[in-house]
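Take a look at the letters that make up each chain.
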Amino acid sequence: MALDEASAAFISAFASSGAKPIHEQSVSDLRAGAAAAARMSPSGPAVSSVVEHSVPVDGGHIAVRAYEPEAPTAAILFFHGGGWVLGTLDESDLLARTLAVRNNALVLSVDYRLAPEHPFPTATNDAWASLLWAAEHLAAREDGLPLVLLGESSGANLAAVVAQRAQREGGPRVLSQVLLYPAMDCDVDRPSYLDPANQLTLSRDAMMWFWDHYADGDQRTDPAASPLRADDLTGLPPAVIVTAEHDPLRDEGEEYADLLRSAGVAVEHRRFHGQIHGFVGMLGVLPGAAAGMDYLAEHIGASVKGNEGVRS
């Protein structure tokens, strides 16, 4: 199936902009471009409060920004995408606000440290510290909000990693894990990586560039970097997995869905046809983003209603 009309127009505009491919740019130039794009994005919906918290990690601190609507019924610990190299709280503001409003959820957006300044396993350690902090933060509240892990791309990688660690180590209870076009494995020779139709804003070369900045070769097969390679997936929280048809990461996300099902984990998966990597976060740009957000709201809402007794 071909790209939908809006995605094709977006790709055409991107190509005509003259911007270099990701793998031909420096980290600083990519970050500057991402920041500039974020400044041109529309403002997100209003929430009742936005509060920034400081979470201790490795003798230092990272920020977690809390977006709270009135009377939330769930909490979402959110990890942004960006290949472990890009992404800030401000650049994720629109998506975080939309998640909060559409899911009636307290969204805790995590400002984990980025590579190459902070290579693997720093981001995974920050994600784990944020999960422990979130569980304590929620336990201090009176509303007993269930906790959902949600990430996109490399952030979905972190969500999957901490879900596995929480199960393995008896960590905080997680209601569900929501993985948007997740980066699940270091193998870049799957068919979706090699398909010429998938070499768009995110390409095979770009993912190799991100991996080169994130983790050394001998580290990449560690399940904490490639969670698809974990030996045991039994007992993990139910998963909602979104993949995009024209995305190099499509196959590994769908393989992880299959592996979870084989391990007895409840999985809701949908491949969005005609869509590209990152489409859910392109609010106000791609109509597919609205469809993706509808899908998330439906399944996160169903998990909350079906597990009203769950406590973090």
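Colleague: Describe the overall build of the protein, naming the residues involved and giving the relevant values.
Modeller: Looking only at helices and strands, one finds nine helices and eight strands in the protein. Over its C-alpha trace the protein gives a radius of gyration of 18 Å, about what one expects of a compact globule, namely 20 Å for 312 residues. Reported as C-alpha extents along the three principal axes, the dimensions of the protein are approximately 55 × 40 × 40 Å. Within the protein, buried positions represent 54% of all 312 residues. Restricting the contact set of the protein to residue pairs at least 6 apart, pairs at least 24 apart contribute 79%. As displayed, the protein has an accessible area near 12,700 Å², and 51% of this comes from carbon and sulfur atoms. If the 21 positive side-chain charges of the protein are averaged to one point and the 41 negative ones to another, these points end up 2 Å apart.

Colleague: Lay out the sheet that holds strand β1 (residues 49-57) with the relevant residues and their values.
Modeller: The sheet built from eight strands is open, its strands ordered β1-β2-β4-β3-β5-β6-β7-β8 with mixed pairing. Where the open sheet ends on each side, the last strands, each with one partner, are β1 and β8 (267-276). Strand-to-strand twist of the sheet, defined as the mean angle between neighbouring strand axes without regard to direction, takes the value 20°. Of the pairings in the sheet, the one linking strand β7 (residues 239-246) to β8 comprises seven bridges and is parallel in character.

Colleague: Explain the packing of aromatic side chains residue by residue, including any values.
Modeller: Under the definition given, this model contains eight aromatic pairs. Taking 5.8 Å as the distance between ring centres and 55° as the angle between the ring planes, the aromatic pair formed by Y181 and F279 counts as tilted. Of the two residues, Y181 is situated in the loop between β6 (176-180) and α6 (191-194) and F279 in the loop between β8 and α9 (287-306); the sequence distance between them amounts to 98 residues. Residue class for F279 comes out buried when judged on its relative accessible area of 0%.

Colleague: Can you explain the packing of helix α3 (residues 93-103) against α9? Please cite residues and give values.
Modeller: Contact pair α3 / α9: the axes reach a minimum separation of 10 Å and the direction vectors enclose 45°. As the angle between them shows, α3 and α9 are arranged oblique. For the crossing formed where α3 meets α9, the hand is right-handed. Facing L95, T98, L99, R102 and N103 of α3, the residues of α9 in contact are M293, D294, L296, A297 and I300. Class assignment of the residues belonging to the contact of α3 with α9 gives a composition of six nonpolar, two polar and two charged.

Colleague: How would you sum up the side chain of T124? Please name residues and give values.
Modeller: Along the chain, T124 falls in helix α4 (residues 122-139). With near-sequence residues (within four places) excluded, T124 lies in contact with L158, V161, V162, Y214 and A224.

Colleague: Tell me about helix α7 (residues 204-214), and name the residues and values.
Modeller: Taken together, the buried positions of α7 are A206, M207, W209, F210, W211 and Y214. For α7, the N-terminal cap is S203; the gap from its side-chain oxygen to the backbone nitrogen of D205 is 3.4 Å.

Colleague: Talk me through the environment of H61; I want residue IDs and the actual numbers.
Modeller: Looking at where H61 falls in the secondary structure, it is placed in strand β2 (residues 60-68). As a C-alpha pair, H61 and D126 span 65 residues in sequence and 9.2 Å in three-dimensional space. The residues contacting H61, other than those within four sequence positions of it, are S54, V55 and P56.

Colleague: How would you summarise unusual backbone geometry if you had to cite specific residues and measurements?
Modeller: Of note, the bond from A115 into P116 is cis; its omega dihedral lies within 30 degrees of zero at 0°. The topology assignment puts P116 in the loop between β4 (105-110) and α4. A cis amide bond links F120 to the next residue, P121, at an omega of 10°. With respect to the helices, strands and loops of the structure, P121 is situated in the loop between β4 and α4.

Colleague: Residue-level account of the side chain of S154, with values.
Modeller: Note on placement: S154 falls in helix α5 (residues 154-169). Taking the relative accessible area as the measure of exposure, S154 reaches 1% and is therefore buried. A polar contact is formed between the side chain of S154 and the backbone nitrogen of W84, at a distance of 3.2 Å. Residues in contact with S154, not counting those within four places in the same chain, are H80, G81, G82, G83, W84, Y112 and A183.

Calculation rules
- Residues numbered from 1 in each chain as written.
- Predicted model: local features only at pLDDT ≥ 70, side-chain atom pairs only at ≥ 80, totals over all residues.
- Heavy atoms only, no water.
- Helix = DSSP H or I, 4+ residues; strand = E, 2+ residues; numbered from the N terminus.
- Rg over C-alpha atoms; globule rule 2.2 N^0.38 Å.
- Buried < 20%, exposed > 50% of the residue type's maximum accessible area, 1.4 Å probe, protein only.
- Contact = heavy atoms within 4.5 Å.
- Areas by Shrake-Rupley, 256 points an atom, 1.4 Å probe, with all protein chains shown as cover.
- Lys, Arg positive; Asp, Glu negative; His and termini not counted.
- Charge placed at Lys NZ, Arg CZ, Asp CG, Glu CD.
- Pairing = 2+ DSSP bridges.
- Axes fitted to C-alpha atoms, helices over the stretch in contact; angles between N-to-C directions.
- Phe/Tyr/Trp six-rings, centres within 6.5 Å; stacked < 30°, edge-to-face > 60°.
- Parallel < 35°, antiparallel > 145°, perpendicular 65-115°, else oblique.
- Left-handed = near helix turned anticlockwise from the far one by under 90°.
- Nonpolar A, V, L, I, M, F, W, Y, C, P; charged D, E, K, R; others polar.
- Polar contact = N/O pair within 3.5 Å; in protein donor to acceptor, adjacent residues only side chain to side chain.

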